[in-house]
Number of protein chains: 2
Amino acid sequence: MRRLALLALLLAAAPAPPRTSAEVLAATTAADWRAVAPEAMLVMTLADGGRVVIELAPAFAPVHVAQIGALARAHWFDGISINRVQDNYVVQWGDATESRPLPPGTAPRLQPEWQRPLRGLTFAPVPGPDGYAPAIGFVDGWPVAADRARGLAWLTHCYAMIGVGRGDTADAATGGELYAVIGHAPRNLDRNVTLVGRVIDGIERLSSLPRGTGALGFYETAAERVGIASIRLGSDLPIAERPRFEVLRSGTPAFAAYVATRADRAEPWYVTRAHHADLCAIRTPVRSTR
Amino acid sequence: MRRLALLALLLAAAPAPPRTSAEVLAATTAADWRAVAPEAMLVMTLADGGRVVIELAPAFAPVHVAQIGALARAHWFDGISINRVQDNYVVQWGDATESRPLPPGTAPRLQPEWQRPLRGLTFAPVPGPDGYAPAIGFVDGWPVAADRARGLAWLTHCYAMIGVGRGDTADAATGGELYAVIGHAPRNLDRNVTLVGRVIDGIERLSSLPRGTGALGFYETAAERVGIASIRLGSDLPIAERPRFEVLRSGTPAFAAYVATRADRAEPWYVTRAHHADLCAIRTPVRSTR
């Protein structure tokens with residue numbers, strides 16, 4: 001009897017068998033996901049018809065996001081091109097002629113939005129260590145670094161994140177020059193440029209482009225540039241044409257379980273478990289709902 | 001007089017102005033570099049004529065490196081193909097038919113070489129933290145993790161590192177199936193597969209390939225596969241055709257200065273300095289000497 005009770009206690013205390021990421025995601029419910037708002041979505045159509053979908057992050061860069069939205073609504077991006085593809089670093093697009101006038105009502109220089117108050121955000125920390133910031137975690141599915149002592153939070157340069165190219169000064173940015181990270185996370189760029197979003201679909205259309213052979217990976221001839229037919233806000237597309245995506249909510253038991261599956265892979269192929277996943281190795285799950 | 005002495009003391013104690021990576025490399029001497037040995041070099045020629053050069057790491061995986069050399073000398077790799085390109089992860093090549101017999105004298109299964117004794121290596125640590133290992137640094141320019149308490153060292157899955165694909169068991173590897181890392185460092189693979197080298201030239205020929213649309217990024221049709229004309233050891237090529245590369249020696253003042261430039265970027269464009277570079281963000285410099 002006593003032995004049975006002890007066995008029952010041991011069984012109750014035994015950790016749950018490890019699960020795979022696929023198993024954790026399969027066990028989520030609709031409430032574990034949030035829809036990407038059409039007004040926070042950019043749909044980029046390449047000249048070859050390929051589509052890249054970006055979620056914008058107005059909570060972190062409201063002024064830049066608003067300006068990018070204004071540029072999209074003015075069709076300012078239509079006919080620009082991808083001009084730079086630097087291996088293990090970034091794909092960058094903008095007006096190669098640097099002569100296209102900004103539409104009325106937009107600002108010629110934007111003040112940096114490199115960090116914001118931590119207050120007001122639901123920050124779900126993940127286990128460190130992280131050499132770049134005192135704390136790391138997720139806010140609404142965004143990979144975020146934080147400094148609690150100073151009350152600050154900022155987006156981080158993980159794979160597929162979107163930043164706003166700038167010139168030599170902090171405010172030399174218009175939102176008309178954007179880049180996507182296509183390599184090992186260049187966290188050295190954190191708090192040097194304004195991050196505004198993340199590619200949630202079609203990153204492979206950017207990451208597989210031929211690398212530029214000029215300095216910094218710029219294409220050396222106009223013929224190499226990759227045309228962009230248009231960039232539109234999701235909310236400016238007819239409802240039937242809007243992409244529909246959902247992002248796993250962070251700060252939930254499901255997200256915490258997912259993070260744990262990244263640190264310790266349960267697939268039987270793994271012999272050595274890492275007991276750790278760095279911030280950019282976690283990658284917030286996204287799913288299409290159409 | 002006293003003031004002058006104090007001033008001189010202050011000047012002597014002042015830290016050197018930060019330098020850029022380019023400045024540090026420009027100040028190196030010939031002795032700061034080591035040549036890549038022809039017998040530790042693989043030259044892969046793609047069907048389109050593109051060349052990819054790999055340095056092998058016999059100090060970490062002597063048996064695998066010897067077998068890969070035997071396969072190359074037997075021309076076993078000629079006519080195989082790249083069969084898998086998974087975005088932000090790996091490019092993998094091998095015999096898509098899985099029917100090509102191994103040449104005489106090679107082993108059908110190789111015991112894992114996932115780690116080795118730290119003893120006998122010149123380990124140059126770099127500042128942490130690192131969530132995956134107790135210590136990190138470089139050995140002869142290789143990115144290495146170490147556990148001093150257990151006296152072990154292992155190669156890490158940084159961008160462009162080359163690993164040996166295996167089946168479900170630890171010894172289900174022949175050296176005939178290889179992959180290169182083309183995304184954010186998948187350190188969860190460390191000590192689960194044998195790493196045998198690093199692409200030192202031409203990684204962009206692999207990283208820019210179209211992504212496979214099948215499970216795990218495998219190409220779904222034979223037509224999508226990318227042919228490999230040949231893979232040869234550098235030492236088996238005519239001397240005039242051998243690529244010549246040098247790697248910055250680690251464990252030297254020049255390498256330490258280079259690491260420091262990765263942690264704190266001196267270029268005036270940077271406003272916020274990270275004071276840190278993670279192991280895979282450091283990337284050992286390589287230069288062509290022909």
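Reading the values: rules and limits
- Residues numbered from 1 in each chain as written.
- Chains lettered and ligands numbered in written order.
- Predicted model: local features only at pLDDT ≥ 70, side-chain atom pairs only at ≥ 80, totals over all residues.
- Heavy atoms only, no water.
- Helix = DSSP H or I, 4+ residues; strand = E, 2+ residues; numbered from the N terminus.
- Rg over C-alpha atoms; globule rule 2.2 N^0.38 Å.
- Buried < 20%, exposed > 50% of the residue type's maximum accessible area, 1.4 Å probe, protein only.
- Contact = heavy atoms within 4.5 Å.
- Areas by Shrake-Rupley, 256 points an atom, 1.4 Å probe, with all protein chains shown as cover.
- Lys, Arg positive; Asp, Glu negative; His and termini not counted.
- Charge placed at Lys NZ, Arg CZ, Asp CG, Glu CD.
- Least-squares fit on C-alpha atoms with pLDDT ≥ 70 in both.
- Salt bridge = Lys/Arg side-chain N within 4 Å of Asp/Glu carboxyl O.
- Buried area = accessible area lost by both parts, 1.4 Å probe.
- Polar contact = N/O pair within 3.5 Å; in protein donor to acceptor, adjacent residues only side chain to side chain.
- Nonpolar A, V, L, I, M, F, W, Y, C, P; charged D, E, K, R; others polar.
- Pairing = 2+ DSSP bridges.
- Core = buried A, V, L, I, M, F, W, Y, C linked by side-chain atoms within 4.5 Å.
- Disulfide = S-S within 2.5 Å.
- Phe/Tyr/Trp six-rings, centres within 6.5 Å; stacked < 30°, edge-to-face > 60°.
- Lys NZ or Arg CZ within 6 Å of the ring centre and 35° of its normal.

1. Some remarks on the overall build of chain A
Check the secondary structure of chain A and you find six helices and 16 strands. Taking 2.2 N^0.38 as the reference for a compact globule, 290 residues should give roughly 19 Å; the C-alpha atoms of chain A span a radius of gyration of 21 Å, in line with that estimate. Seen through its C-alpha atoms, chain A measures out along the principal axes to roughly 85 × 45 × 35 Å. Split into buried and exposed, the 290 residues of chain A put 55% on the buried side. By sequence separation, contacts in chain A at least 24 residues apart represent 70% of the contacts at least 6 residues apart. Summing over all exposed atoms, chain A offers an accessible surface of approximately 12,800 Å²; the carbon and sulfur share of this is 57%. Treating the 30 positive side-chain charges of chain A as one cloud and the 27 negative ones as another, the clouds have centres 8 Å apart.

2. Concerning the relation of the copies chain A and chain B
The two copies are related by a screw operation: chain A maps onto chain B through 180° of rotation and 0.0 Å of translation along the axis, at an RMSD of 0.0 Å. When the rotation and shift are considered jointly, the pair of chain copies conforms to a two-fold rotation axis. Mapped onto chain B, 100% of the interface residues of chain A are again interface residues, and the two copies thus contact each other with one and the same surface.

3. Section: the pattern of salt bridges
For the structure on display, the rule yields 18 salt bridges over all chains. Measuring nitrogen to oxygen at the nearest pair gives 2.9 Å for the salt bridge that ties Arg 287 of chain B to Glu 246 of chain B. Taken together, the positions of Arg 287 of chain B in strand β16 (residues 286-288) and Glu 246 of chain B in strand β15 (residues 245-248) put the pair 41 residues apart, joining distant regions of the chain. Each of Asp 130, Arg 187 and Asp 190 of chain A takes part in a single network of salt bridges with overlapping partners.

4. Focus on the interface of chain A and chain B
The interface is formed by 40 residues belonging to chain A together with 40 residues belonging to chain B. When the area that chain A buries against chain B is broken down by residue, the three leading residues are Tyr 132, His 184 and Trp 269 of chain A, summing to 22%. Inspection of the region where chain A meets chain B yields zero salt bridges. At the junction of chain A and chain B, the tally comes to 23 residue pairs in polar contact (both at pLDDT 80 or more). Breaking the side of chain A that touches chain B down by element, the ones donating at least two residues are α4 (203-207) and α6 (279-282) of chain A. Broken down by element, the side of chain A that touches chain B gets its largest block of residues, three residues, from α4 of chain A. Broken down by class, the residue content of the side of chain A that touches chain B amounts to 18 nonpolar, 11 polar and 11 charged.

5. Re the pairing of strand β8 (residues 135-139) of chain B
Within a regular strand, the side chains alternate between the two sheet faces. Residue and element names in this part refer to chain B. The buried fraction of β8 amounts to five of the five residues, a majority that puts the element mostly inside the structure. Where burial is concerned, the two faces of β8 agree: the one with Ala 135, Gly 137 and Val 139 and the one with Ile 136 and Phe 138 are both buried. Relative to β8, strand β7 (residues 123-125) is paired through three bridges, and the arrangement is antiparallel. Residue pairing across strands places Pro 125 opposite Gly 137, the latter belonging to β8. Alignment of β8 against strand β9 (residues 142-147), held across five bridges, turns out to be antiparallel. Note on β9: the bridge partner recorded for Val 139 is Trp 142.

6. Side note on the nonpolar core
Across soluble globular proteins, you tend to see nonpolar side chains buried next to one another. With 43 residues, the main nonpolar core has Phe 60, Val 144 and Leu 155 of chain A as its most contacted residues. In terms of nonpolar packing, the next biggest core, distinct from the first, is built from 42 residues, Ala 153, Trp 154, Tyr 179 and Ala 277 of chain B among them.

7. A short note on the state of the cysteines
All names here are of chain A. For the structure on display, the rule yields two disulfides over all chains. One disulfide in the model links Cys 158 with Cys 280; its S-S distance is 2.0 Å. Its S-S torsion of about -70° marks the bond between Cys 158 and Cys 280 as left-handed, since a negative value means left-handed. With Cys 158 in the loop between β10 (152-155) and β11 (161-164) and Cys 280 in helix α6, the pair connects residues that are 122 residues apart, well separated along the chain. For the residue pair Cys 158 and Cys 280, the accessibility class agrees, reading buried in each case.

8. Examining the packing of aromatic side chains
In total, this model carries eight aromatic pairs over all chains according to the counting rule given. On the basis of an interplanar angle of 80° and a centroid distance of 5.5 Å, the ring pair of Trp 76 of chain A and Phe 77 of chain A is categorised as edge-to-face. An identical accessibility class is assigned to Trp 76 of chain A and Phe 77 of chain A; each is buried. Each member of the aromatic cluster is reached from another via a ring pair, and the members are Phe 138, Phe 255 and Tyr 258 of chain A. Sitting above the plane of the Trp 33 of chain A ring, Arg 287 of chain A keeps its charged end 4.1 Å from the centroid. The aromatic ring of Trp 269 of chain A is capped on one face by Arg 166 of chain B, whose charged end is 3.9 Å from the ring centroid.

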